[in-house]
Each structure stands twice: as C-alpha cells, then as structure tokens.
Amino acid sequence: IIEAVGQTPMVRLHAIEKDVPGVELYLKLEYMNPGGSVKDRPARQMLLDAIESGRFTRDKTLIDATSGNTGVAYSLFGAALGYKIALVMPANVSKPRKDITQAYGTTLIHSDPMEGSDGAIRLVRKLVAENPDKYFYSDQYSNPSNPGAHYLGTGVEILEQVGDRITHFVAALGTSGTAMGTTRRLREHHRKIVCVAAEPKEALHGLEGLKHMASSIVPAIYDPTLPDEILPVSTDDGWDMSDRLAEQEGLMVGHSSGANVAAALTLAKRLVAKGEPGCVVTIACDRHDRYFAPLKWEKKYVW
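Source: prediction; values computed, not measured. (Residues numbered from 1 in each chain as written. Predicted model: local features only at pLDDT ≥ 70, side-chain atom pairs only at ≥ 80, totals over all residues. Heavy atoms only, no water.)

Draft legend 1. Looking closely at the packing of helix 3 (residues 69–81) against helix 4 (residues 95–103). The N-to-C vectors of helix 3 and helix 4 enclose an angle of 15°; their axes lie 8 Å apart at closest approach. Put simply, helix 3 runs roughly parallel to helix 4. Seen along the crossing, helix 3 lies across helix 4 with a hand that is left-handed. Residues N69, G71, V72 and S75 of helix 3 form the contact with helix 4, whose participating residues are R97, I100 and T101. When grouped by side-chain class, the residues that make up the contact of helix 3 with helix 4 number two nonpolar, four polar and one charged. (Axes fitted to C-alpha atoms, helices over the stretch in contact; angles between N-to-C directions. Helix = DSSP H or I, 4+ residues; strand = E, 2+ residues; numbered from the N terminus. Parallel < 35°, antiparallel > 145°, perpendicular 65-115°, else oblique. Left-handed = near helix turned anticlockwise from the far one by under 90°. Contact = heavy atoms within 4.5 Å. Nonpolar A, V, L, I, M, F, W, Y, C, P; charged D, E, K, R; others polar.)

Structure, rendered in structure tokens:
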C-alpha cells in the first residue's frame, strides 16, 4: 500500500473550459491515492524519512495536528507498517474523517472547534512538551519532507502528463506543502510556468483544511516569495465550484478542490481577456464524500 501512492491521473475539465475558450484546464485527481487525498504523499514521505533517520521508533507514538486528510494517511500507513498513531484535530471536523482514522486504530484527541487548525497545533505542542518520551512529533507544518514529497512526486508527474503545454499551476494553501514543493519543481522546468498560491479570502472561512495566512500560525515550510501571486478565493466560490464539478464534470471533490478550480478559472479568464492561449493545472485534493455529514447546514450557519 505504501507503493500505491502517486501516479494519479489527470483529467481535462471540458465543461468548465466553456467559460474560457482557448484555455485548457486540467485537474490532477489526488483523491485516487490509497488514502483518498493529496495528503498521502507528504504523510508517507514524513513517516518513511523519520523511520529511516531513527527519529521515529516503535516505542513511540507519532502525533500531529491535522484537519483530517493527513491524519487519514498517517493512520493508513501506520496500520500497514505497524506503528502507533495519535492525532489532534478540531472537534468539528467532518465525522467521516474521524470514523476513518479510528477504523485504522488511531487515537484521536480533539481540540477546541472554535480555534480551528491553529488550536490543534497549540494542543499538540503542549502534549509533546509534557510527554517528550512518549511522542514523535511529525509536525507537517514545519517538516521539509512535506513539500519534499511534492517536489519529488507531484511536480514531476505534472510535467510528465502535460509537458510543455502547461503555462500556469495553482494550489491552495493549507500546510502549503503542495504549493511549495510542486512550485519548486516546476521552477526548474526549461520554460517559465506561472505558479500561483490560492488562499481563503476571509479569515473566518468554510474551506476546511485551508489557511488564511495573515490570521493564522504561518507554517515554517511556507515561503510567500515563492509563488508568482497569492490569489484569494471566497468560501462561496469554493463551495459552488465543487457543486459544479459534480454536476457538470462528474467529479465529486471537496471544497478545497473547488477553491483550486475556482482560482484556476480566474487565471484562465485573465488569459482570455488578454487574447492569450494557456494551460492551467490544479489539484483535486480529496473527495466530496468526506464532507457529507453535515453539509448544507454548515454552509448556512458556520460563518
């Protein structure tokens, strides 16, 4: 199962492209990883690198803060390799994510739902400080193996799949690993590729797993000078695009994926306005089914 990560397919968004004639839109289906999300890549890399270096041994429990998908990946690989996993996540993350991680035998520790992912980070740091011999803190927000996984995998695969046609790449910011690692690899291409990082437009938003950097604990792996642009995306645009992708493209993706495609569409519209062709690539982070319970109620009341 460890070797099943990566080499995810890419699809062209023919229905969405109708809004931007002359520009190609591609979506890399990261939910086709065995754990169902893009987070399989960094979780696998962080786990294997820590084991190889001797920082994570069987007498310790790997612990990290997560909004869900990285936790699912840790749990999957921990079960496969026989390592203990504990996760700190906000109490209001979707029930499917809690259920999936516990099915693998993972210990869940809930942080204050009103403090979001930053609250989970603060709590995990407190637990590690109190129990340094018990835990190995993987720290996906600071671990160079997180963007390293995308430098070694995601970026390479994108170039293999679309080659010189790619003109733009966009990825939303959470831990920022996908955007940072993939951008670094695409920067090495022989031709200029415009790399854009998308982030929630509002500090209080409903794009689970994404960070509004100005109001958040900024990940150590994040370099704001690396992207060509930071593009804000509203919660409604992310949610509406995920609905549109299901209805018009047959793609059931989560709201962070919707935000990615909404940002990609914004970039494509700029190209159309200038009369320029282009090829914009972005990421489908996970599947929509992890957000089903609840869904419409959250959209109406959470923010």
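Draft legend 2. Layout of the environment of T70. Tracing the backbone shows T70 in helix 3. With relative accessibility at 2%, the residue T70 sits in the buried group. Residues within four places of T70 in sequence aside, it is in contact with K39, A43, M46 and Q140. (Buried < 20%, exposed > 50% of the residue type's maximum accessible area, 1.4 Å probe, protein only.)

Draft legend 3. Spotlight on the sheet that holds strand 4 (residues 84–90). Strand order across the open sheet formed by four strands is 5-4-3-6, with parallel pairing between neighbours. The sheet is open, and its two borders are formed by strand 5 (107–111) and strand 6 (135–137), each paired with just one other strand. Taken pair by pair, the neighbouring strands of this sheet meet at an average axis angle of 25°, ignoring direction. Here helix 4 sits on the sheet in contact with strand 4 and strand 5, set at roughly 150° to strand 5. (Pairing = 2+ DSSP bridges.)

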